[in-house]
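Analysis of the macromolecular model
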Amino acid sequence: MLNLVLFGPPGAGKGTQSEKIIAKYNLIHLSTGDLLRSEIQAGSELGLRAKTLMDQGILVPDEVVIGMIENKLKDHHDAAGFIFDGFPRTVKQSEALDELLARYDESITVMIALVVDDQELSARLLNRGKTSGRPDDQNEELINKRIQEYNNKTRPVADYYQQQGKFVAIDGIGEIDFIFEEITKTIARVSQ
Ligand code: B4P
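So, how was this worked out
Residues numbered from 1 in each chain as written. Predicted model: local features only at pLDDT ≥ 70, side-chain atom pairs only at ≥ 80, totals over all residues. UniProt positions renumbered as here; feature names shortened; annotations may be inferred. Helix = DSSP H or I, 4+ residues; strand = E, 2+ residues; numbered from the N terminus. Rg over C-alpha atoms; globule rule 2.2 N^0.38 Å. Contact = placed C-beta atoms within 7 Å. Buried ≥ 20, exposed ≤ 12 C-beta atoms within 10 Å, placed from the backbone. pLDDT = per-residue confidence, 0-100. Core = buried A, V, L, I, M, F, W, Y, C linked by C-beta atoms within 7 Å. Near = placed C-beta within 6 Å. Nonpolar A, V, L, I, M, F, W, Y, C, P; charged D, E, K, R; others polar.

Looking at an unreviewed UniProt entry, one finds the protein named Adenylate kinase, with Dyadobacter luticola as its source organism. The Subunit (unreviewed entry) field of the UniProt record for the protein holds the comment "Monomer." According to the UniProt record, the Function (unreviewed entry) comment for the protein is "Catalyzes the reversible transfer of the terminal phosphate group between ATP and AMP. Plays an important role in cellular energy homeostasis and in adenine nucleotide metabolism."

What follows is the structure in structure tokens.
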């Protein structure tokens, strides 16, 4: 079983690369950002609470996203593997994920981190904001807030996997297909 965490700051290319990874490998895609946006669209209570935070560029409480992932793992317990996109985003979420996977005698195979500088992140998200309609992509102040949240709360997640010897960093700047090639090389190496 291949359990992959795709990691990086907002706009690093996690969603973009996830689409290519699931097209090539038989993995279930679990994007907490997508799951939260579905809740918002459905107008659920959870969605309404999440929207207020997401529109301010703030992370949603750990319990909420951990609960969503727990349910999805239950639904797909017989899958060939998972790609976790945008999760875990805090050390608490990483610990919870390890516990949840252990219930199925599973663990994370590798974390692949996409490395992109702040200036490029900002430019990409502002550009996406022109067409995505996503409120959190609409202005530079909000984008900076998301990058700040990443630096304060999410960056330590990389150390968590580094300590387990499961961390691989890939340059996230350049052609999307070239970055994908580098990801496939890492997957081939860790799957041996
Ligand atoms: P996410 O939906 O995860 O949003 P994101 O980080 O902005 O997206 P992503 O990183 O996947 O976008 P991509 O680079 O692919 O989270 C949104 C919000 O939800 C968070 O702020 C938070 O509030 C909440 N949330 C989600 N998960 C949570 C969790 N676990 N805990 C708590 N809160 C959580 O795309 C960006 C743009 O770059 C695109 O336009 C793309 O086309 C472009 N791009 C990609 N690769 C490129 C390349 N190589 N070159 C040029 N452009 C590229």
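1. Focus on the overall build of the protein
When helices and strands are counted, the protein shows 9 helices and 5 strands. Mapped in sequence order, the helices and strands of the protein form the string β-α-β-α-α-α-β-α-β-α-α-α-β-α. Relative to its length of 192 residues, the protein is compact, with a C-alpha radius of gyration of 16 Å against a globular reference of 16 Å. Referenced to the eigenvectors of the C-alpha coordinate spread, the extents of the protein come out at roughly 45 × 40 × 30 Å. Taking the contacts inside the protein whose residues are at least 6 apart along the sequence as the reference set, 76% of them involve residues at least 24 apart.

2. Focus: the UniProt feature "binding site: ATP" (unreviewed entry) in the protein
Sites flagged by UniProt as "binding site: ATP" (unreviewed entry) map to Gly 11, Ala 12, Gly 13, Lys 14, Gly 15, Thr 16, Arg 128 and Gly 174. Residue position: Gly 13 is located in the loop between strand S1 (2-7) and helix H1 (14-24). By the C-beta count within 10 Å, which is 23 here, Gly 13 ends up buried. For Gly 13, the contacting residues outside a window of four places in its chain are Gly 8, Leu 114, Gly 172 and Ile 179.

3. Quick look at unusual backbone geometry
For the bond running from Phe 87 to Pro 88, omega is -5°, close enough to zero to count as cis. Position of Pro 88 relative to the elements: it lies in the loop between strand S3 (81-85) and helix H5 (91-102). Residues other than glycine seldom take positive phi values, yet Asp 105 does so here, at roughly 55°. What makes Asp 105 exposed here is the crowd of 7 C-beta atoms within 10 Å.

4. A few points about the confidence of the model for the protein
Residues of the protein with pLDDT of at least 70 account for 100%, and the chain-wide mean is 96. The ipTM assigned to the predicted complex is 0.88, against a pTM of 0.94.

5. Focus: the nonpolar core
Of all hydrophobic cores here, the largest spans 39 residues; its most connected members are Ile 83, Phe 84, Met 111 and Ile 112. Of the residues forming this core, the biggest block, 5 residues, is contributed by strand S4 (residues 110-115). Those residues in contact with Phe 84 that sit more than four places away from it in its chain are Leu 4, Val 5, Leu 6 and Leu 30.

6. Observations concerning the site of the ligand
Surrounding the ligand, one finds 28 residues, the nearest of these being Gly 13, Gly 15, Gly 33, Gly 86 and Arg 128. Of the residues assigned to the shell around the ligand, the class counts are 13 nonpolar, 9 polar and 6 charged.

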